[in-house]
Structure formats: C-alpha cells, structure tokens
Number of protein chains: 2
Amino acid sequence: MHITRYTDYSLRVLMYLALKDDELSTIREIADSYGISKNHLMKVVQELNNKGYLQAIRGKNGGLRLAGAAEAINIGALVRDTEQDFALVECFGEGDGCVITSACQLKRVLGEALESFFAVLDQYTLADILPGGKARVMTRLLNIG
Amino acid sequence: MHITRYTDYSLRVLMYLALKDDELSTIREIADSYGISKNHLMKVVQELNNKGYLQAIRGKNGGLRLAGAAEAINIGALVRDTEQDFALVECFGEGDGCVITSACQLKRVLGEALESFFAVLDQYTLADILPGGKARVMTRLLNIG
DNA sequence: CTATAAGATGTATTTATTATATATCTTATA
DNA sequence: TATAAGATATATAATAAATACATCTTATAG
C-alpha cells in the first residue's frame, strides 16, 4: 500500500514554497535541495500549476511560488488531486474480472475505510504539516536562505 | 494507492471457503472459479495456512477449509497480516533520503489516516462481507455445488 | 534585438514491483 | 505403489513508476 512519489513530491514542493514565503524558487533549486530528479519534478510542478496550487513564472528571473496561503491548501484535497488511482482492489477499477463482484461486500467496506483515511487528511492543511516551531528547523535542513 | 492482488486473493480464498462451509475445496477449484493463476494462489494459500487462517490437508482427497468461524476472521487483521508494505511515502521506510523528515509532520498525519483506515476494517469480519441474503448469490456466481 | 534563464511538453528508457510460470519435492490415501 | 493433493524454490513476464533526454516557449536583462 503506497502513495506514489509523484504525490510525495507534490507535497514536498508545496512545503518548500510555503517555507520560502513569497520569494521565488526554481525547480532546479528544489530538486537539488531534496536531491531528487529535476525532470520528474518538472511534471509535478506543471500539474500543480495547472491545478492552481502554485504560480509558475517563466523566463529569466522566473520561478515558483505558492498561489495562496498555506492554510488554504488542504492535504486531503491535494492527495485526492495528485494521486491518480484509488482502485484498492481489482473490483474498484474498469475491466474487473472478479466473478463475485455483484454480491461481494468487500468493495463497500474498503471504500468506507478509504473515506475514513481521507477524512483524517481533510482535517489538515499545508500549514499544519509545517508547524511553527519546526519551520525554522526545516528551513535549515533545506538550506533555504 | 493499491492493495496487492496477493491480499485480494487472500480475501477471495477465505470467502470461498466460508461459502463452502466445512466441505473441502482444492486450490485448482478455487483458481478455476475465479479464473486466476493457480500458481499464485498456491503461495497465497500457503501463507494463509502458515498464519492459521485455514487448514490445508495434503494427499489424495485433501483440500482446504477455514480454520475457524468466518465471524472470527477480522478483515483489518487479515489485511495487516497479508499486505506487506504500508510505507505510504518514502519517509515511512528504511533508506529514507528525504532531508526534512526530522521536522516534517506529514508522516504523522499520514500515519493517523492509515490508522483510521484500519479502524474501519477492524469493524468487519469475513462473515460481514458475505451477508446472509447475498451468500446464495455468491455461491451461484462461483458455481459452488 | 538577441542571448540566456527560466518553465512546458512529449517521448524514451530504466528501474522496481507485482504477478505468473515452471520444476521439483512431500504427504497421504485408495 | 500410483495418484492426487499441497509445499517450496527459482525463474520469467507484465505492469507501473520514476527518471532521462530532447526540443519548444516565454520573458527579461543587457
């Protein structure tokens, strides 16, 4: 049971930008800070841009910044938005071949559990995972000026 | 976000055996009923046997049956037991390379969400996902005697 | 007005994980 | 003692995810 790195990186980018406040950051800078693939991060950033989580400013002296306040970005919504596939077992998706699907209650039960998972995430915003006292520590860990 | 087929098949095997009551079923028969890989199912069955969920009887006229009552098999416990890896994001596992792990609260939040996921599954037993009225339908779908 | 630094996009490759297949061994019973 | 069942180990295939590469677009500094 995993969440893709795609979603993980989405969260990390937004955390980074939240710590930088209004200052612009480049993709290269963020990739270097975390030591992860710049190319992969580009696609993550583009999706976050398309979905309105951040602003991407092209051209020389361009860069990225959060589109709004960290308090306005809900973790549950973000994870639902970036993670693509919540088909926990075969019968959730298309092309289900399980012969008992029509009578089996497993899907309903797992669906309920998944809702409960998100209900917890829905209680937190980006600001909550960067709590006050810890923000300074994270800023240092990322070498953000 | 997925649960492996390994876990899915574990659940299906136990459902099958629950529907057959005390009668023995063979791996071949279960694999054929669901139209899935017999070889893969063998490993699933062996783990279920090792963990005490079912009894495997070797030799001619052997087969499988539930070790206890369907009411005694908790879905949450079963999923925890068969699904191997709950490292939702990188920082849950070993070899975590994320530089902000020590200050970041994401792991705690995702951990809480995962607990909530299982808290729901913990409320159900194998018997609950084969409810009375539906059991007959499932028996027909599986072509069980 | 042009060189450069930034993001945007599409495709290809690599890697990791999951699923399946094959082969051989063990056990029990007719 | 032949056969039908599960047990075990290894190998291969399929799928999904992550990363790399190449090229295009945009904006600003000089």
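Peer 1: Describe helix 5 (residues 106-121) of chain A, naming the residues involved and giving the relevant values.
Peer 2: The terminal C-alpha atoms of helix 5 of chain A lie 23 Å apart, and with 16 residues this matches the ideal 22 Å at 1.5 Å per residue to within 8%. Taken together, the buried positions of helix 5 of chain A are occupied by A:Leu106, A:Val109, A:Leu110, A:Gly111, A:Ala113, A:Leu114, A:Ser116, A:Phe117, A:Phe118, A:Val120 and A:Leu121.

Peer 1: Help me get a handle on the protein's contact with DNA strand D, residues and values and all.
Peer 2: As a matter of local geometry, DNA strand D sits amid 25 residues, with A:Arg5, A:Arg58, B:Lys43, B:Gln46 and B:Arg58 nearest to it. Taken together, the sugar and phosphate atoms account for 69% of what DNA strand D places within 4 Å of the protein. The separation between a phosphate oxygen of DNA strand D and a polar main-chain atom of A:Arg5 is 2.5 Å. The contact in question runs from a sugar or linking oxygen of DNA strand D to an N or O atom on the backbone of B:Gly59, over 3.5 Å. Broken down by secondary-structure element, the contributors of at least two residues to the surface near DNA strand D are helix 1 (5-20) and helix 3 (38-50) of chain A together with helix 3 (38-50), strand 1 (54-57) and strand 2 (63-66) of chain B. Tallied by class, the residues present in the surface near DNA strand D amount to six nonpolar, twelve polar and seven charged.

Peer 1: Explain the protein's contact with DNA strand C to me, and be specific about the residues and the numbers.
Peer 2: The local shell around DNA strand C holds 25 residues, among which A:Lys43, A:Arg58, B:Asn39, B:Lys43 and B:Arg58 are the closest. Here, DNA strand C places atoms within 4 Å of the protein, and 66% of those atoms are sugar or phosphate. Contacts to DNA strand C include A:Lys43, whose side-chain N or O atom sits 2.4 Å from a base oxygen. The side chain of B:Arg58 places a nitrogen or oxygen atom 2.8 Å from a sugar or linking oxygen of DNA strand C. Class assignment of the residues belonging to the surface near DNA strand C gives a composition of six nonpolar, twelve polar and seven charged.

Peer 1: So what's going on with the relation of the copies chain B and chain A? Residues and values would help.
Peer 2: Here chain B sits on chain A after a turn of 180° about the axis and a move of 0.0 Å along it, with an RMSD of 0.0 Å. Given the turn and translation reported, the copies of this chain are related as if by a two-fold rotation axis. Measuring from the rotation axis to each C-alpha of chain B, the shortest distance belongs to B:Phe117, at 2.4 Å. Mapped onto chain A, 100% of the interface residues of chain B again fall at the interface, so both copies present the same surface.

Peer 1: Can you lay out the interface of chain B and chain A for me, pointing to particular residues and giving the numbers?
Peer 2: Put simply, an interface is often sized by how much accessible area is lost when its parts join up. Between chain B and chain A, the residue contacts involve 45 residues of the former and 45 residues of the latter. With both sides pooled, the region where chain B packs onto chain A buries about 4500 Å², and carbon together with sulfur makes up 68% of that total. For chain B, the biggest contributors to the area lost against chain A are B:Met1, B:Ile100 and B:Phe117; these three give 17% of the whole. Counting across the interface, chain B meets chain A through two salt bridges. Residue B:Arg12 pairs with A:Glu90 through a salt bridge whose shortest N-O separation is 2.5 Å. There are 17 residue pairs in polar contact (both at pLDDT 80 or more) connecting chain B and chain A. Elements represented by at least two residues in the side of chain B that touches chain A include exactly helix 1 (5-20), helix 2 (27-34), helix 5 (106-121) and helix 6 (132-141) of chain B. Looking at the side of chain B that touches chain A, its residues break down into 29 nonpolar, six polar and ten charged.

Peer 1: Tell me about the pattern of salt bridges, and name the residues and values.
Peer 2: Here the idea is simple: oppositely charged side chains can pair when their charged atoms come close. This model, assessed by the stated rule, comprises twelve salt bridges over all chains. Residues A:Glu29 and A:Lys20 are paired through a salt bridge, measuring 2.5 Å at the closest nitrogen-oxygen approach. The partly exposed category is assigned to A:Glu29, whose relative accessible area is 25%. For A:Lys20, a relative accessible area of 8% puts it in the buried group. Linked by salt bridges that have partners in common, A:Asp8, A:Arg12 and B:Glu90 make up one network.

Peer 1: Got a sec to walk through the packing of aromatic side chains? Specific residues and values, please.
Peer 2: Residues and elements named next belong to chain A. All told, the structure shown has six aromatic pairs over all chains when counted by the stated rule. Taking 5.3 Å as the distance between ring centres and 85° as the angle between the ring planes, the aromatic pair formed by Phe86 and Phe118 counts as edge-to-face. Taken together, the residues span a long stretch of sequence, with Phe86 in the loop between helix 4 (75-82) and helix 5 and Phe118 in helix 5 at a distance of 32 residues. Accessibility classification places Phe86 together with Phe118 in one group, the buried group. Taken together, the ring pairs connect Phe86, Phe117 and Phe118 into an aromatic cluster. Taking the ring centre of Phe92 as reference, the NZ or CZ of Lys107 above it sits at 5.9 Å.

Peer 1: How would you summarise the pairing of strand 2 of chain B if you had to cite specific residues and measurements?
Peer 2: Residues and elements named next belong to chain B. Where strand 1 lies against strand 2, four bridges are found, and the strand directions are antiparallel. Note that in strand 2 the partner of Gln55 across the bridge is Arg65. Linkage of strand 1 to strand 2, two consecutive antiparallel strands, is achieved through a turn of five residues, within which Gly59 is found at a positive phi near 80°.

Criteria and thresholds
Residues numbered from 1 in each chain as written. Chains lettered and ligands numbered in written order. Predicted model: local features only at pLDDT ≥ 70, side-chain atom pairs only at ≥ 80, totals over all residues. Heavy atoms only, no water. Helix = DSSP H or I, 4+ residues; strand = E, 2+ residues; numbered from the N terminus. Expected span 1.5 Å × (residues − 1). Buried < 20%, exposed > 50% of the residue type's maximum accessible area, 1.4 Å probe, protein only. Near = heavy atom within 4 Å. Polar contact = N/O pair within 3.5 Å; in protein donor to acceptor, adjacent residues only side chain to side chain. Nonpolar A, V, L, I, M, F, W, Y, C, P; charged D, E, K, R; others polar. Least-squares fit on C-alpha atoms with pLDDT ≥ 70 in both. Contact = heavy atoms within 4.5 Å. Buried area = accessible area lost by both parts, 1.4 Å probe. Salt bridge = Lys/Arg side-chain N within 4 Å of Asp/Glu carboxyl O. Phe/Tyr/Trp six-rings, centres within 6.5 Å; stacked < 30°, edge-to-face > 60°. Lys NZ or Arg CZ within 6 Å of the ring centre and 35° of its normal. Pairing = 2+ DSSP bridges.

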